[in-house]
Amino acid sequence: MNVPSSLQSWVDEVARYTKPDRVVYCDGSEEENARLLSEMTQSGVLHPLRSDTYPDCYLHRSHPSDVARTEHLTFICADSAEEVGPTNNWMSHEEAMRRVWPLFDSCMSGRTLYVIPYLMGPVGSPMSKMGVEITDSPYVVVNMRIMTRMGQVALDHLAKFGGGFVKGLHSLGDLSPDRRFICHFPKQREIWSIGSGYGGNALLGKKCFALRLASAMGREEGWLAEHMLILGVEDKRGQTTYIAAAFPSACGKTNLAMMVPELGDEFKVTTVGDDICWMHFGPDGRLWAINPEAGFFGVAPGTGKRTNSNALASLRKNSIFTNVALTPDNEPWWEGLTPQPPAGLIDWQGRPFDPASGEKAAHPNSRFTAPAKQCPSASPMMDAPQGVPISAIVFGGRRAKLAPLVMEARSWQHGVYLGATMASETTAAAVGQVGVVRNDPLAMLPFCGYNMGDYFAHWLQMGERTTTDKLPKLFQVNWFRTGDDGKFLWPGYGDNIRVLKWIIERVRGEGSAVDSPVGLLPSPSAIDTSGLSLPAGAMDQLLSVDVTAWRQETERNAQFLAKFGRHMPKALLDEHQQLSERLAASGS
């Protein structure tokens, strides 16, 4: 590889400090990947799966204390706590040098230092960005090969487009939670991660670069880095409408991105991305989006034939499974894959599984890493350098009684308010309560790399950079409305195409809507329910607005918005006040 001097000097500097036994520059080739997989198989880091049903697939079991993102040990390192805001953990650069940097001293002794040049985004796209991760984990190398465009292609991008590269330094350290940190330096465009081998903490191109750092880069450069899926909906005329959508965890984002639609052959859904979306204004004044990733790092539990058949098809070859269970036939298994666990399972920690134990066979956060191009619904535009034009942006959440099935924002500003006040309900099993509300603005709460008040302002400013007719329309959806019996009123999954159909009609100026205090709702019969068996009155409930409940919601949101103090844009406070006034005027 043609290694630029700026990269070489950084690698040399890190190697002198971390003291590895050797340094390897990764080229992403088949030969290199096969060698690493073989070495990890021999060392027990990977377990090869059944070759006739899961060819070139492997199981990895992480340390039991290293199974998820560690938000409380994730820091934004900036000049002041105010700069990172109340929703982030702040650490000064000086404190990071004192507390974290010494942990890297000789941390790679006895190990190999791998240098991973990688590209976030399609090859040849001016929207794409280069990163380099230094790691002592071969598991990270083979996962990064799936998740990014890795090797010489990244260095070629740097030579063509310039712009430098994001530096990511990762070490397993000793895997102690007491010496585990993930630090982000937006101004320096640098990431340090030590003490974890888990995906989100170790695959630094994903949440660390593509969201936390990229969100700050987008603010400086005039674009958006968002925790959103990107899908295309093609109609019978061959016209495709592209939609970006933000959902908090456990709200069906990946299932929507890979949806197999109902309504016969009226629509075809294609997947551009399932998790991250970078949006820039194009020469035509519209927002164009790319998926910076090349793979899926999906949650395995709950992924089944009914919920997401396309995801299942994606992971049947060339994939890595982390912390799933293992069947006697040497195949991966997790809760939701089949109705009942097969006999003779080995659990995610390598122990015989006892169904009577009450424990899970697969860890609840177990994962699969699979190439995106293996998805049957993969969009032909997945690698398009220019990206795809976004016509609608959807915000979603899980609300049992409050939010209607779908509503349209009155304006870009109103839509940003809807995104800023996004929230989902959780189950507090310890006390048997359902409906504990957690705010997650634009599904970016754990991933915004600077003060979220300023992030809201950036969204508002983006809306001022083009004409209203060229901006995407903004919507809010809620698949999780329940009836008096506690059961879901809406079937979800493939039937969500019925809601997307109305959204597309609204984008094209065709669908009908009625006003409400909270937004524009579908007119009666505007949602296509043909062939759908719904309980009597279900659509009325799904689209109803409980004014009393919404007044309580606005009071709760007022407290949340107040957290951002002087950083909260006045325009959103005005939207909040106008909503309160509309609710007050609408009676009980």
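Notes on the structure in this doc start here. Given the structure is predicted, the values throughout are model-derived calculations rather than measurements.

1. What to know about the overall build of the protein chain
In terms of regular secondary structure, the protein chain is built from 16 helices and 29 strands. The dimensions of the protein chain, computed from C-alpha atoms along their principal axes, are 70 × 55 × 50 Å. For the protein chain, restricting intrachain contacts to residue pairs at least 6 apart in sequence, the fraction spanning at least 24 positions comes to 73%.

2. What about helix H8 (residues 205-221)?
If you check H8, its first and last C-alpha atoms are just 19 Å apart, much less than what 17 residues at 1.5 Å a residue would give, namely 24 Å. Of all the bends found along H8, the most pronounced is centred on Ala214 and spans about 45°. Within H8, 14 of the 17 residues are buried, which leaves the element mostly enclosed by the surrounding structure. One or two residues past the end of H8 sits Gly222, with phi positive at roughly 85°.

3. Things to note about the nonpolar core
It is characteristic of soluble globular proteins that their nonpolar side chains tend to be buried jointly. Core analysis: the biggest nonpolar cluster contains 94 residues, and Trp278, Met279, Ile393 and Trp459 have the highest contact counts within it. No other element matches H8, which puts 8 residues into this core. Every residue in contact with Ile393, bar those within four places of it in the chain, is listed here: Met228, Ala244, Met279, Trp412, Trp459, Pro472, Lys473, Leu474 and Phe475. Core analysis: the next-biggest nonpolar cluster, separate from the first, contains 62 residues, Phe296, Val324, Ala370 and Cys375 among them.

4. Remarks on the environment of Val132
By the element assignment, Val132 lies in strand S7 (residues 129-135). The spatial distance from the C-alpha of Val132 to the C-alpha of Ile346 is 37 Å, given a sequence separation of 214 residues. With near-sequence residues (within four places) excluded, Val132 lies in contact with Leu7, Trp10, Val115, Ile116, Pro117, Tyr118, Phe165, Val166, Lys167 and Gly168.

5. Some details on the pairing of strand S11 (residues 190-194)
The two faces of the sheet receive side chains in turn, since in a regular strand these alternate between them. Of all 5 residues that make up S11, 5 are buried, and the element is covered over most of its length. Burial along S11 is two-sided: Glu190, Trp192 and Ile194 facing one way and Ile191 and Ser193 facing the other are all buried. One ladder, built from 5 bridges, connects strand S9 (residues 166-171) with S11; its direction is parallel. Among the inter-strand pairings, Gly168 is bridged to a residue of S11, identified as Ile191. As defined by bridge partners, strand S10 (residues 181-185) adjoins S11 across 5 bridges and the pair is classed as antiparallel. Note that in S11 the partner of Phe185 across the bridge is Glu190. Between S10 and S11, which pair antiparallel one after the other, the connecting turn spans 4 residues, and Arg189 there sits at a positive phi close to 55°.

6. Some details on the pairing of strand S6 (residues 112-120)
Within S6, 9 of the 9 residues are buried, which leaves it mostly tucked inside the rest of the structure. With burial as the criterion, each face of S6 is covered, one bearing Thr112, Tyr114, Ile116, Tyr118 and Met120 and the other bearing Leu113, Val115, Pro117 and Leu119. Relative to S6, strand S1 (residues 22-25) is paired through 4 bridges, and the arrangement is parallel. From the neighbouring strand, Val24 faces S6, where its bridge partner is Tyr114. Across 7 bridges, S6 lies against S7 in antiparallel orientation. Paired with Met120 across the two strands is Lys129, which belongs to S7.

7. Topic: empty space enclosed by the protein
Per the counting criterion, the structure on display carries 1 cavity of 30 Å³ or more. Residue lining of the largest cavity: 18 residues in total, with Arg399, Thr421, Gln476, Trp550 and Glu553 positioned closest to the centre. Of all the elements in the fold, those that place two or more residues in the lining of the largest cavity are helix H11 (412-420), strand S27 (473-477) and helix H15 (547-562). Looking at which element gives the most residues to the lining of the largest cavity, the answer is H15, with 3 residues. By residue class, the composition of the lining of the largest cavity is 10 nonpolar, 6 polar and 2 charged.

8. Brief notes about unusual backbone geometry
Although it is not a glycine, Ser106 sits at a positive phi angle of roughly 60°. By secondary structure assignment, the location of Ser106 is in the loop between helix H4 (93-99) and S6. Although it is not a glycine, Asn318 adopts a positive phi angle of roughly 55°. Tracing the chain through its elements places Asn318 in the loop between helix H10 (305-314) and strand S19 (320-322). By relative accessible area, which is 32% here, Asn318 ends up partly exposed.

9. Considering the packing of aromatic side chains
Considering all chains together, one arrives at 22 aromatic pairs under this definition. A ring pair is formed by Phe209 and Trp278, whose centres lie 6.1 Å apart and whose planes are at 45°; its orientation type is tilted. In this pair, Phe209 sits in helix H8 while Trp278 sits in strand S16 (residues 277-281), placing the two residues 69 residues apart along the sequence. Measuring from centroid to centroid gives 6.1 Å for Phe475 and Trp502, while their planes differ by 80°, and the two rings are edge-to-face. Of the two residues, Phe475 is situated in strand S27 and Trp502 in helix H13 (residues 497-507); the sequence distance between them amounts to 27 residues. Of the two residues, Phe475 and Trp502, both sit in the buried class. Ring-pair connections join several aromatic residues into one group, and the members of that group are Tyr17, Trp101, Phe104, Phe185 and Trp192. Across the ring face of Phe447, the terminal group of Lys207 is positioned such that the distance to the ring centre comes to 4.7 Å. Note that Arg316 overlies the ring of Tyr54, its terminal NZ or CZ placed 4.2 Å from the centroid.

10. Quick look at the side chain of Ser366
For Ser366, the location among the structural elements is in the loop between strand S21 (332-333) and strand S22 (367-371). Under the relative-accessibility criterion, Ser366 is labelled buried at 1%. Discounting chain neighbours no more than four positions away, the residues touching Ser366 are Gly298, Val299, Ala300, Pro301, Thr322, Asn323 and Val324.

Parameters at a glance
Starting afresh in each chain, residues are numbered from 1 along the sequence in its written order. A pLDDT threshold of at least 70 governs which residues receive local features in this predicted model, and a stricter bar of 80 or more applies before side-chain atom pairs are shown or counted, although totals over entire chains, interfaces and linings include all residues. Excluded from the side-chain calculations are hydrogens and water; all other atoms, namely the structure's heavy atoms, are used. By the criteria applied, helices consist of DSSP H or I runs no shorter than four residues and strands consist of E runs no shorter than two, each listed in order from the N terminus. Contact definition: two residues touch when any of their heavy atoms are within 4.5 Å. A helix is expected to span 1.5 Å for every residue after the first. What is called the bend at a residue is the angle between a pair of axes, fitted to the seven residues leading up to and ending at it and to the seven starting from it. Only protein chains enter the calculation, and the probe is 1.4 Å; a residue is then buried if its accessible area is under 20% of its type maximum, exposed if over 50%, and partly exposed in between. Residues belong to one nonpolar core when they are buried, are Ala, Val, Leu, Ile, Met, Phe, Trp, Tyr or Cys, and are joined through side-chain atoms within 4.5 Å. Two strands qualify as a pair provided that DSSP identifies no fewer than 2 bridges between them. Using a 1 Å grid laid over the protein atoms alone, points where a 1.4 Å probe fits but cannot get out form a cavity; open sets with protein on both sides within 12 Å along at least 5 of 7 lines form a pocket; any residue with an atom within 4 Å of a point counts as lining. Grid points are joined across faces, edges and corners, and a volume is the space filled by probe spheres set on the points. Three classes are used: nonpolar for Ala, Val, Leu, Ile, Met, Phe, Trp, Tyr, Cys and Pro, charged for Asp, Glu, Lys and Arg, and polar for all others, with Gly counted as polar. Stacked, edge-to-face and tilted labels apply to pairs of Phe, Tyr and Trp rings (six-membered ring for Trp) whose centres lie within 6.5 Å, assigned for plane angles under 30 degrees, over 60, and everything in between, in that order. Charge over a ring is defined by NZ of Lys or CZ of Arg lying within 6 Å of the ring centre and within 35 degrees of the ring normal.

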